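# Close look at the chain arrangement
Residue strings, one per chain:
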Amino acid sequence: MNDRPTFFFSHTRQEREVSKFMAKFFRDLGDRVAAFSGSTVPPSLGIIDVQVNQGEDWDSEILAGLSHSRALVAIYTPLFFRRPHCGKELGEFLLRSRRMGLDTEGTLADVENVLPIRWYPEAVYSVNADCGVPRLLHRISYLPAVDPSQENPELEKAVQRYRLRGMERCVDVEPYYQELLDQFALTIVKMQPLPPPTQPVSFATARNVFEFDWKRHFAAQQSSAPESPTAATPPDWATPGATPPTPLTSIVGYYITRRSWVRQDTQVDYAESLIAESTSGEADGVDDALRTVLNDFREAGLRENLTIVSAGLDPTQPAMPATLQANLETLAKRSIPAALVIDAAEWPSTDEQRNEAIAAVMRSSSWTGVILLVSFTGALPNADQLGHAYQLPRPVITLPRDSRERVTALGRVMAEARGQSMRTRGGDSTAIPGAEGLPLLKNVKPSR
Amino acid sequence: MSNKTRAALPGRVVTFYSYKGGTGRSMALANFAWLLAANGRSVAVVDWDLEAPGLHRYFRPWLTDSDLLETDGLIDAFWQFASAAVTRSTAGTAAPSSHFASEVADALEDSTRRLNQKFVTEGYIDFICAGRQGPTYSERVNTFDWKRFYELGGAQIVGAARDYLRAKYEWVLIDSRTGVSDTSGICTIHMPDTVVACFTLNRQSVDGVAAILRSIREYRSSSVDGSKIKFFPVATRIENGEAKRLEIGRAYARRMMAEFVSFGGMGPRDYWDSMEISYRPAYAFEETLAAFGDASGATGAADTMLSQLEEVSQILTGDRTLRMPEVLDDERAAVLERYAFDGKGSQRRPASEPDNAQRGDSEFRRLVIAKEQLWRHSGFRWHLLLSRRELELITEEDRKSFGRDASSFLLQSQRGEKLVAWLNILFAFCSVVTVMVIVAVATYNGTGLWPKGLDSLRPLFAISLGLATYVLTAALSSYLVSVRGDLPYGVSYLTILSLLMRGPLRPQILDYDRSTP
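Attention in this report is confined to the structure presented alongside it.

About the cut-offs
- Residues numbered from 1 in each chain as written.
- Chains lettered and ligands numbered in written order.
- Predicted model: local features only at pLDDT ≥ 70, side-chain atom pairs only at ≥ 80, totals over all residues.
- Heavy atoms only, no water.
- Helix = DSSP H or I, 4+ residues; strand = E, 2+ residues; numbered from the N terminus.
- Buried < 20%, exposed > 50% of the residue type's maximum accessible area, 1.4 Å probe, protein only.
- Contact = heavy atoms within 4.5 Å.
- Areas by Shrake-Rupley, 256 points an atom, 1.4 Å probe, with all protein chains shown as cover.
- Salt bridge = Lys/Arg side-chain N within 4 Å of Asp/Glu carboxyl O.
- Pairing = 2+ DSSP bridges.
- Axes fitted to C-alpha atoms, helices over the stretch in contact; angles between N-to-C directions.
- Phe/Tyr/Trp six-rings, centres within 6.5 Å; stacked < 30°, edge-to-face > 60°.
- Lys NZ or Arg CZ within 6 Å of the ring centre and 35° of its normal.
- Buried area = accessible area lost by both parts, 1.4 Å probe.
- Polar contact = N/O pair within 3.5 Å; in protein donor to acceptor, adjacent residues only side chain to side chain.
- Nonpolar A, V, L, I, M, F, W, Y, C, P; charged D, E, K, R; others polar.
- Patch = residues over 30% accessible without salt bridge, like charges linked within 9 Å, V, L, I, M, F, W, Y side chains within 5 Å.
- Disulfide = S-S within 2.5 Å.

## Quick look at the overall build of chain A
- The helix and strand inventory of chain A stands at 12 helices and 13 strands.
- Buried residues in chain A amount to 53% of all 448 residues.
- The long-range share in chain A, meaning contacts at least 24 apart out of those at least 6 apart in sequence, stands at 78%.
- Accessible area for chain A stands at about 20,200 Å²; split by element, carbon and sulfur atoms hold 49% of it.

## With respect to the pattern of salt bridges
- Throughout the structure, instances matching the rule amount to 51 salt bridges over all chains.
- The partner of Glu-299 of chain A in a salt bridge is Arg-303 of chain A, with the nearest N and O atoms 3.0 Å apart. Here Glu-299 of chain A and its partner Arg-303 of chain A are both found in helix 8 (residues 288-303), 4 residues apart, which amounts to about one turn of the helix.
- Classification of Arg-303 of chain A by relative accessible area gives partly exposed; the value is 30%.
- The partner of Glu-247 of chain B in a salt bridge is Lys-244 of chain B, and the shortest N-O contact between them spans 3.9 Å. Here Lys-244 of chain B and Glu-247 of chain B lie together in helix 10 (residues 243-257), a separation of 3 residues that amounts to about one turn.
- Each of Arg-161, Arg-165 and Arg-169 of chain A together with Asp-72, Glu-109, Asp-110, Arg-132 and Lys-168 of chain B takes part in salt bridges that share partners, so that together they form one network.

## Points about helix 8 (residues 182-190) of chain B
Residues and elements named next belong to chain B.
- Summarising burial for helix 8: 8 of the 9 residues are buried, a large majority.
- Regarding helix 8, the residues found buried are Thr-183, Ser-184, Gly-185, Ile-186, Cys-187, Thr-188, Ile-189 and His-190.
- The inward-facing, buried residues of helix 8 abut strand 1 (12-18), helix 6 (146-151), helix 7 (154-168), strand 5 (171-175), strand 6 (194-199) and helix 9 (203-222).

## Overview of the sheet that holds strand 3 (residues 112-114) of chain B
All names here are of chain B.
- Read from one edge of the open sheet, 8 strands run 3-4-2-5-1-6-7-8, paired in mixed fashion. The open sheet is flanked by strand 3 and strand 8 (276-278), the only strands paired with a single partner. If you compare each strand with its neighbour and ignore which way they point, the axes differ by 20° on average.
- Looking at chain direction, strand 1 and strand 5 are connected through 5 bridges and run parallel. Across the sheet, residue Val-13 finds its bridge partner in strand 5, namely Val-172.
- Contacting strand 6, strand 7 (230-238) and strand 8, helix 10 crosses the sheet at an angle of about 170° to strand 7.

## A look at the packing of aromatic side chains
- Counted by the stated rule, this structure contains 41 aromatic pairs over all chains.
- With 5.7 Å between their ring centres and 75° between their planes, Tyr-162 of chain A and Phe-184 of chain A make a pair best called edge-to-face. Highlighted residues: Tyr-162 of chain A in helix 5 (residues 153-165) and Phe-184 of chain A in helix 6 (residues 176-190), separated in sequence by 22 residues.
- Arranged with centres 5.6 Å apart and planes meeting at 70°, the rings of Trp-34 of chain B and Phe-292 of chain B form a pair that is edge-to-face. Of the two residues, Trp-34 of chain B is situated in helix 2 (residues 25-38) and Phe-292 of chain B in helix 12 (residues 290-293); the sequence distance between them amounts to 258 residues.
- Of the residues examined, Trp-34 of chain B reaches a relative accessible area of 1% and is grouped as buried.
- Judged by its relative accessible area of 1%, Phe-292 of chain B falls in the buried class.
- Following the ring pairs from residue to residue traces out a cluster consisting of Phe-7, Phe-9, Phe-25, Phe-26, Trp-119, Tyr-142, Tyr-162 and Phe-184 of chain A.
- A cation sits over an aromatic face here: Arg-113 of chain B above Phe-21 of chain A, 4.0 Å from the ring centre.

## Quick word on the pairing of strand 5 of chain B
Residues and elements named next belong to chain B.
- Most of strand 5 sits out of view: 5 of its 5 residues are buried.
- Neither face of strand 5 is open: one carries Trp-171, Leu-173 and Asp-175, the other Val-172 and Ile-174, and all of them are buried.
- One ladder, built from 5 bridges, connects strand 2 (residues 42-47) with strand 5; its direction is parallel. Among the inter-strand pairings, Val-43 is bridged to a residue of strand 5, identified as Trp-171.

## Some details on the interface of chain A and chain B
- Listed per partner, the contact involves 54 residues of chain A and 65 residues of chain B.
- With both chains or domains summed, chain A and chain B bury close to 5,100 Å², and 55% of this area falls on carbon and sulfur atoms.
- Counting across the interface, chain A meets chain B through 9 salt bridges.
- Among the salt bridges present, the one from Asp-110 of chain B reaches Arg-161 of chain A, with a minimum N-O distance of 2.5 Å.
- For the interface between chain A and chain B, the tally reads 24 residue pairs in polar contact (both at pLDDT 80 or more).
- Put simply, the parts of the chain that give the side of chain A that touches chain B at least two residues each are helix 1 (20-37), helix 5 and helix 12 (403-424) of chain A.
- Here the side of chain A that touches chain B takes 9 residues from helix 12 of chain A, the largest share from any one element.
- Here the side of chain A that touches chain B is built from residues that sort into 19 nonpolar, 12 polar and 23 charged.

## Topic: a nonpolar patch on the surface
Residues and elements named next belong to chain B.
- Taken together, the side chains of Leu-476, Tyr-479, Leu-480, Val-483, Tyr-493 and Leu-494 present a nonpolar region at the surface, about 630 Å² in accessible area.
- When residues of the nonpolar patch are traced back to their parent elements, those giving at least two are helix 19 (458-482) and helix 20 (493-502).
- Broken down by element, the residue count for the nonpolar patch peaks at 3 residues, all from helix 19.
- Of note, Val-483 is situated in the loop between helix 19 and helix 20.

## Comments concerning the state of the cysteines
All names here are of chain B.
- Under the definition given, this model contains 0 disulfides over all chains.
- Unpaired in terms of disulfides, Cys-187 finds its nearest cysteine sulfur in Cys-198, a separation of 14 Å.
- For Cys-198, a relative accessible area of 0% gives the class buried.

## Comments concerning the side chain of Glu-390 of chain B
Residue and element names in this part refer to chain B.
- Mapped onto the secondary structure, Glu-390 falls in helix 16 (residues 388-393).
- In this structure Glu-390 comes out as buried when scored by relative accessible area, which is 6%.
- Residues in contact with Glu-390, not counting those within four places in the same chain, are Phe-364, Lys-371, Leu-385, Leu-510, Asp-511 and Tyr-512.

## With respect to unusual backbone geometry
Residue and element names in this part refer to chain A.
- With omega at 5°, the peptide bond leading from Glu-174 into Pro-175 counts as cis.
- Along the chain, Pro-175 turns up in the loop between helix 5 and helix 6.
- With an omega of -5°, the peptide bond between Trp-347 and Pro-348 qualifies as cis.
- With a phi close to 60°, Leu-248 is a non-glycine residue in the positive phi region.
- Relative to the helices and strands, Leu-248 resides in the loop between helix 7 (214-220) and strand 7 (250-256).
- A residue is classified by how much of its surface remains accessible, and Leu-248, at 1% relative accessible area, is buried.
- In this structure, Gln-391 takes a positive phi of about 55° despite not being glycine.
- Here Gln-391 is to be found in the loop between helix 11 (383-389) and strand 13 (396-398).

Laid out in C-alpha cells, this is it:
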C-alpha cells in the first residue's frame, strides 16, 4: 500500500494540449500536498497523463498510477463525462472503494478518495439537464467546508467563488487560489490509503464508470443498496436546466430541422421545446450530425463566455413560424440574442408557402440575432443567393462542415450578434434617465 | 505599515497615456508596477489598449498563460458589465445596487490573474489583460458600443469598477489607448487620479499630449465632482546624438508642458531631470523589465534605464527612497532567458535544474536581502540585523553571491552579535558591582559614616546608592564600548546604554518575519 498521499489527476483535453491553468493547478496541488505531508523529495505526488512519455507503455503507466494512488482528482467538465478514457480512469479507481454501493436512486454512494473539481462556472453545468454531472455521480461531490466558528472570510469568499465560477477562474486569482489549494491538499492528505485492485487490468478491459453495469456488479458482490447512505449530502449545485438566459451573456439557438433530437422537460416562455443533449455517448435519440453541431455551438459559446440554450422546432408544424416570431420577440425585449440554425434541407424546401413564412420571420426587425444555415449532406448552399432571393435584410451565414472551422465561425457570429443586441436593445434605443454620456476628449487640435 | 493597514487607504489610479504609439508608455508602466510591488505595494495593472494590447509581454515570464489564449480580460469583463447595464435599464433601475457592485467585482476578478512572482516584501501585481486573444478577439472589441454602454448607465458601472479597484489595491495602473478614441477618454477622464503623459521630443507628440491634457482638465473641472487631476508629463526615448536639436526639443516640450506640471517643492529643472527616459537600443528588441535588464542595488549605476525609471517612480510616488531591491544574478539570468526573442526562453532550462534544496537556498538569500531592505528603510534599527540563526545558516556560497549592500549588512550583523556578547558581559559586571555596593552600605557598621537616628533609612539609601552605581557603571561601560571601532552601523551611545540597562529584557534579534510591519 502506498503511504505517500499520491493522487491521480484525471482530466480531458479539448482540441489543444492541456490547459495551462489546469497544468498549473496540477503542479501547485502536488506541491501543496507535498508540503502538508512533509514530503520534499521528488517524484511529484501527482500523476497526470502528460508525464507519460511516448514510447513508454501508456496503459501500464496510467493504470499503475490508478492502482496505487491514494486519491483521484477528477476535473469535471461536460466533456469529461463523454470521454471513454476518463470513464475508465474513474471506473477503475472507484472499484478500489471498499464500502461503495448503489443507492435507491441509482447513484453511487460511499465512494472513497475521489476529489471532483468543477472546472467551469456553474452556469455551464446547469443550463441544460445533460450538461451537468450524471446522476450516477451525484454523490461524488465536494465543496470545501467553511467552519462558521472560525472566522475566515477569505475562505468563505474562495468557496463562494469556486462554487459559482469554477476552478478555472480561481487559478492565480488571489487570495482565493491559495485558500482552495490548502483545502484540496488537506483533504487529500487526510484520506486513508486504499487497497490496490483485486485483479490486474489493462486499458482494453478497464471498466468505464458511465457504461458499467453497477447493479449487476453489486448484486454479484452481494452488497445491497445502503438503506441510509452514509455519504454526506452533496452540495446544493444549481438545478440543471433551470438557468434562464441573461442579456448579452446567453444565446438561444433555434434549430429548424427534422433530424432527431430529445425534448427536455423544462418549461420556458421563450421556446416550445428545449433540446436535451446526451452526455453518456449511448444511443439516445439525438442525430449524430446534429449532436456535433450542438457541441460546436456549446464549445464556441464557452470560449465567448456565452451560455447556449438550444431549442428545437419542427419545420412541418403549421404554427411554427408564428411561434418562432413570438419567441424571438420575447428574447429581443430582454436583449438576449438569438440564432436561427436552419437545416439546409428544410429551407428552402419544395413548400414555397412555408419558405416564405420562415423568410418573413427572418425579415422581421423585431428580434436581434443571426441566421445560420447548416448543411448536413450535399453541397453547401449559397447563402448570398438565398438572401437576395428572399430579400433578407440580415446576412445568412453558411456554417463550415469542418468542426474546428465551425467553432471559430460560430464564435465570430456570436460576438457580432451580441454587439447588435447591445446596440438595439430590443429596438428601443431610449437611454435611461440620468445616465451620463461617454466622456470624450474634445477640442483636441494638436496641429498648428 | 503592513499591507492590510495600507490597503485601508483608498488606492491611487494612475493612467499612462501617450498621443502616439511607440513612446515607451507601456514599458514605463510595467517597470513602475514592478518597482512598486518590489517595495511592498499591492498593484493592479490594467491593459486598456484594447486595439493593440501588449502589456502582457513585459510580464511574460510570470504569467501562467503568457499568450492570453485562456485568460479573460477587460473587454470580457465589460461584456459582463454591459449585461448588468442592460438588465438595469430593462428593470428601470437608475442607481446601482450592492448587487451590481458585487457583479462588477466578480467580473473584474474573472479577468484578474496574479503574476507568479513572490516578492519578499509582500508586494504583488494583479494583471487584467485587454482580453482573451484568439480569432474572435477583434469582434469582441469592435462590436462593443461604448457610447451605448454609457447611455445604458455604464458610467456608474465604470465608477463602481474604479471604486472596487481603489479599495483593493494601493496602486491601480492603467495602460491607455493612444490618441483620441472612446476608450482613451474613459482611461484619462473617468478613471484616474493621475495621468502620466508620455511623449517623445517631436512636435506632433508634444502638441498632441498638450492638447489632450488640456481637454482632460477642462472636462474634469466642469464635471460633477470637479476633482483635481494630477499630471506628470514624461519625456521618453531621449537620444543624445543631436545635441542642438535635443536642446531645442527639450525647451519646446518644457514650455508646452509647464501649465500642467505642479512642481511642488522642486524647481522645473529638478522635475525634468528626473522625468526623462533615454532611448536604449538594448530594450528595443524584447519587452524586458529594467529590474532584470540592468544591475540593481549596490551594483547598479546612475546611467541605466533602471535608475531613470527609479527617478520617475520616486516623483510619481513622492517617495525618494523608492529603489529596486537587489536582484540576484542567477534570478536575473533565468528571467532574461525567459524573455529571449526567439521564443524558446520558456522551454530552456538551466543546465542543472535546481532541486528543492537549491530553491530553498535562493529563497533564504532573498530573505536576507529583504531584511537588509527593512533594516535600511527603518533607519538601521539594531533589532533588524540578522539573527544568530540566520548568521549560522549563511554559507560561503551565499557570501559570494551577495552584492555590496548585502555584504555590508552581513558585516553589521556580525558586529551586532559581538555587541550582544559584550552587553551580556557588561550587564553581569554592572549587576555584580551594584549588588556589592548595596550589601556594603547595608552592612557597614563603622562609625562616622551614617548619622545616628537614621538607621531605618539605611536600606533605602543602600538601594538608591546601588541603583546610582548601576547607572554610573552602565554609562561608563557603554562609553567604553561606543568608542570601539566595530559597532554595527546605526548603533549610537544611547542605544548601547539603553540595551545595557535593560539587560535580559532588551529586544532580541529575531529571524526575518514577513508579517512584521
